[in-house]
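Each chain, written out:
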Amino acid sequence: MITILADFKVKPECVDEFIRLAAICTRNSRKENGNLSYKVFRRRYDDTAFVFVEEWLNDAVIEMHNQMPHFKEFIEQITPMTECKPEITQIMTIPQIR
C-alpha cells in the first residue's frame, strides 16, 4: 500500500469552490480500482490549507488515477485557485511497526 499526502494552499476567495471540486474528485477517486481510501482534510488553524490523504494498492493504480479524466479535470480547474504547486509526498507503512 502506498499513501499519498497532497498539500494544497488555496486562495481565500476560492475556498468554497475548491471544496466543491474536491468533493467531486473524492467521490470519483473512491470508485477507482485500487483505491483503498481517499479523504480530504482542512488544516485546523488555516482555512485555506488542505491535505488529501490517499491510499492506493500500488504504483500502477496511482499512475492510472493520474490519467483519469476526472482527476485531470480537477487539477486543471483548481490550478488557478491555488497559491502554489501542491506538495506531494508518498509514504509507506513499516511492516515491523504495528
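Residues numbered from 1 in each chain as written. Predicted model: local features only at pLDDT ≥ 70, side-chain atom pairs only at ≥ 80, totals over all residues. Heavy atoms only, no water.

Okay, the overall build of the protein next. Helices and strands together make up the secondary structure of the protein, namely three helices and four strands. Reading the protein from its N end, one meets helices and strands in the order β-α-β-β-α-α-β. A principal-axis box enclosing the C-alpha atoms of the protein has dimensions of 45 × 30 × 20 Å. Sorting the 98 residues of the protein into buried and exposed places 37% on the buried side. For the protein, the exposed area adds up to about 6600 Å²; of that, 56% sits on carbon and sulfur atoms. Of the side chains in the protein, 13 bear a positive and 15 a negative charge, and the two mean positions are spaced by 5 Å. (Helix = DSSP H or I, 4+ residues; strand = E, 2+ residues; numbered from the N terminus. Buried < 20%, exposed > 50% of the residue type's maximum accessible area, 1.4 Å probe, protein only. Areas by Shrake-Rupley, 256 points an atom, 1.4 Å probe, with all protein chains shown as cover. Lys, Arg positive; Asp, Glu negative; His and termini not counted. Charge placed at Lys NZ, Arg CZ, Asp CG, Glu CD.)

With that settled, consider the layout of surface pockets. In this structure, the largest pocket spans a volume of roughly 190 Å³. Lining the largest pocket are 15 residues; nearest its centre among them are Ile4, Glu54, Asn66, Phe71 and Ile88. For the lining of the largest pocket, a count of residues per class yields eleven nonpolar, three polar and one charged. (1 Å grid on protein atoms, 1.4 Å probe; cavity = no way out; pocket = protein on both sides within 12 Å on 5 of 7 lines; lining within 4 Å. Points joined across faces, edges and corners; volume = space filled by probe spheres on them. Nonpolar A, V, L, I, M, F, W, Y, C, P; charged D, E, K, R; others polar.)

This part takes up the packing of aromatic side chains. Applying the stated criterion to the full structure yields eight aromatic pairs. Seen from their ring centres, tyrosine 38 and tryptophan 56 are 6.2 Å apart, and the 85° between their planes marks the pair as edge-to-face. One end of the pair, tyrosine 38, is in strand β2 (residues 35-42); the other, tryptophan 56, is in strand β3 (residues 49-56), with 18 residues separating them in the sequence. For the pair formed by tyrosine 38 and tryptophan 56, the shared burial category is buried. Through successive ring pairs, a cluster of aromatic residues spans Phe8, Phe18, Tyr38, Phe50, Phe52, Trp56 and Phe74. (Phe/Tyr/Trp six-rings, centres within 6.5 Å; stacked < 30°, edge-to-face > 60°.)

In this section: the packing of helix α2 (residues 59-67) against helix α3 (residues 69-78). For the pair α2 and α3, the least separation of the axes is 5 Å and the interaxial angle reads 60°. Compared by their axis directions, α2 and α3 come out oblique. For the pair α2 and α3, contact is made by His65, Asn66 and Gln67 and by Pro69, His70, Phe71 and Lys72, respectively. Class assignment of the residues belonging to the contact of α2 with α3 gives a composition of two nonpolar, four polar and one charged. (Axes fitted to C-alpha atoms, helices over the stretch in contact; angles between N-to-C directions. Parallel < 35°, antiparallel > 145°, perpendicular 65-115°, else oblique. Contact = heavy atoms within 4.5 Å.)

What follows concerns the pattern of salt bridges. Under the defined criterion, the tally for this structure stands at four salt bridges. A salt bridge links arginine 43 to aspartate 7, with the shortest nitrogen-to-oxygen separation between them at 2.3 Å. Here arginine 43, found in the loop between β2 and β3, pairs with aspartate 7, found in strand β1 (residues 2-9); they are 36 residues apart in sequence, far enough to count as distant. A salt bridge links aspartate 47 to arginine 42; the nearest nitrogen and oxygen atoms lie 3.8 Å apart. For aspartate 47, a relative accessible area of 48% gives the class partly exposed. With relative accessibility at 37%, the residue arginine 42 sits in the partly exposed group. (Salt bridge = Lys/Arg side-chain N within 4 Å of Asp/Glu carboxyl O.)

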